[in-house]
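Structure at a glance
What follows is the residue order along each chain.
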Amino acid sequence: MRNLLMVAGIFTFALMLASCGGSKKAADDSLGKEVNVPCNDDEFHTDAKYFRGTGNGISSDLSTAKSKARIDAQTNLSRSISTTMKAVADRYVNERQVGDAMEFEQKFEQMTREVINQELNNVEVVCTKTFQKEGRYQVFNALQVPKDQVLNNIKDRISKDQKLQLDYDKMKFEQVFNEEMEKMANERP
């Protein structure tokens with residue numbers, strides 16, 4: 001009886017080991033190996049407080065790799081701001097009765113481009129990692145600009161344009177802007 005219990009116990013223990021991970025597969029091999037990209041975690045993506053952009057560059061020259069990484073990050077940062085501001089303008093025009101909606105949107109889009117160009121000169125580098133392998137450098141960057149800074153610059157530009165100012169409700173615009181930033185923050189996986 002004692003031997004039977006011991007054999008049953010060993011058999012049960014072996015089954016538990018086999019089911020707990022003995023034959024566990026790692027990730028699906030058909031997808032390839034997962035890569036961890038520096039300066040690209042959730043903390044380096046646009047959220048409710050900051051517009052962010054990430055980028056990387058590769059070159060045999062370190063300064064060229066740094067330059068490529070910064071340009072890539074600035075492009076992604078610019079795209080993030082532009083996309084958000086387009087959504088804000090569209091929602092703002094639809095929620096308010098704006099005189100000439102088409103003219104407002106065109107002027108607003110042009111003004112947004114000017115603000116973005118200005119902001120790209122004043123970005124903060126929040127992450128940078130440099131790697132060297134086989135004589136080549138790879139640089140990863142993450143840049144950010146506070147959403148309040150962008151919003152304030154846009155409000156300043158609107159206040160200087162008499163036509164835009166006629167159709168502009170500061171409180172409503174800021175509300176729509178903040179809602180779009182929250183939506184972006186919540187869309188992160």
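Coordinates for the structure precede this section.
Figured I'd write up the structure that's included with this text. (Residues numbered from 1 in each chain as written. Predicted model: local features only at pLDDT ≥ 70, side-chain atom pairs only at ≥ 80, totals over all residues. Heavy atoms only, no water.)

Quick notes on the nonpolar core
As a reminder of what qualifies: Take the buried residues of types Ala, Val, Leu, Ile, Met, Phe, Trp, Tyr and Cys, join any two whose side-chain atoms come within 4.5 Å, and each joined set is a nonpolar core. Buried, partly exposed and exposed residues are distinguished by accessible area as a fraction of the type maximum, computed with a 1.4 Å probe on protein chains only: under 20%, between the cut-offs, and over 50%, respectively. Helix numbering and strand numbering both begin at the N terminus, where a helix is a DSSP run of H or I of at least 4 residues and a strand a DSSP run of E of at least 2. Contacts are residue-level and defined by heavy atoms, with any inter-residue pair within 4.5 Å sufficient.
Grouped together as the largest cluster of nonpolar side chains are 28 residues, with contacts concentrated most on Phe51, Leu77, Ile81, Phe108, Ile154 and Phe173. If you list the elements that add at least two residues to this core, you get helix H2 (62–95), helix H3 (101–119), strand E3 (136–146), helix H4 (147–159) and helix H6 (170–186). Among the elements that take part in this core, H2 stands out by supplying eight residues, more than any other. Ignoring sequence-local partners within four residues, the contact set of Ile81 consists of Phe51, Ile116, Val145 and Val150.

Remarks on the side chain of Asn141
Keep this limit in mind: Under this definition, polar contacts are N or O atom pairs within 3.5 Å; protein pairs additionally need one hydrogen-donor-capable and one acceptor-capable atom, and for neighbouring residues in sequence, both atoms have to be side-chain atoms.
With respect to the secondary-structure elements, Asn141 resides in strand E3. At 2.9 Å, the side chain of Asn141 and the side chain of Thr128 are in polar contact. Residue contacts for Asn141: discarding those within four places in its chain leaves Cys39, Gly53, Thr54, Gly55, Lys66, Ala69, Arg70, Ala73, Val125, Cys127 and Thr128.

Regarding the state of the cysteines
Keep this limit in mind: Any two cysteine sulfur atoms lying within 2.5 Å of each other are counted as a disulfide.
Throughout the structure, instances matching the rule amount to one disulfide. For Cys39, the disulfide goes to Cys127, at an S-S distance of 2.0 Å. Disulfide Cys39-Cys127: the torsion about the S-S bond is -70°, which places it as left-handed. Taken together, the residues span a long stretch of sequence, with Cys39 in the loop between helix H1 (2–22) and strand E1 (50–59) and Cys127 in strand E2 (residues 124–133) at a distance of 88 residues. Residue class for Cys127 comes out buried when judged on its relative accessible area of 9%.

Describing unusual backbone geometry
For residues that are not glycine, phi is negative in most cases, and the peptide bond is trans in most cases. A positive phi angle, close to 60°, is found at Cys39, a residue other than glycine. Accessibility expressed as a relative area gives 5% for Cys39, which makes it buried. Although it is not a glycine, Glu134 adopts a positive phi angle of roughly 50°. Among the structural elements, Glu134 can be located in the loop between E2 and E3.

Some remarks on the environment of Glu174
Locating Glu174 in the fold gives a position in helix H6. You can call Glu174 partly exposed: its relative accessible area is 24%. Taking C-alpha positions, Glu174 is 9.0 Å from Lys155, a pair spaced 19 residues apart along the chain. Excluding residues that lie within four positions of it along the chain, Glu174 makes contacts with Leu151 and Lys155.

Observations concerning the pairing of E2
For the record, the criterion: Paired strands, in this sense, are two strands between which DSSP finds at least two bridges.
As defined by bridge partners, E2 adjoins E3 across nine bridges and the pair is classed as antiparallel. Bridge pairing in E3 links Glu124 to Gln144.

A word on the sheet that holds E1
Put simply, the test is: Throughout, an axis means a line fitted to C-alpha atoms (over the contacting stretch in the case of helices), and angles, computed between N-to-C directions, take values from 0 to 180 degrees.
The three strands lie next to each other as E1-E3-E2, forming an open sheet whose pairing is antiparallel. Of all strands in the sheet, those with a lone pairing partner are E1 and E2, marking the two edges. Within this sheet the neighbouring strands show an average axis-to-axis angle of 10°, counted without direction. Where H4 meets the sheet, its contacts fall on E1 and E3, and the angle it forms with E3 comes to roughly 60°.

By themselves, these figures tell us nothing about what the structure is for.
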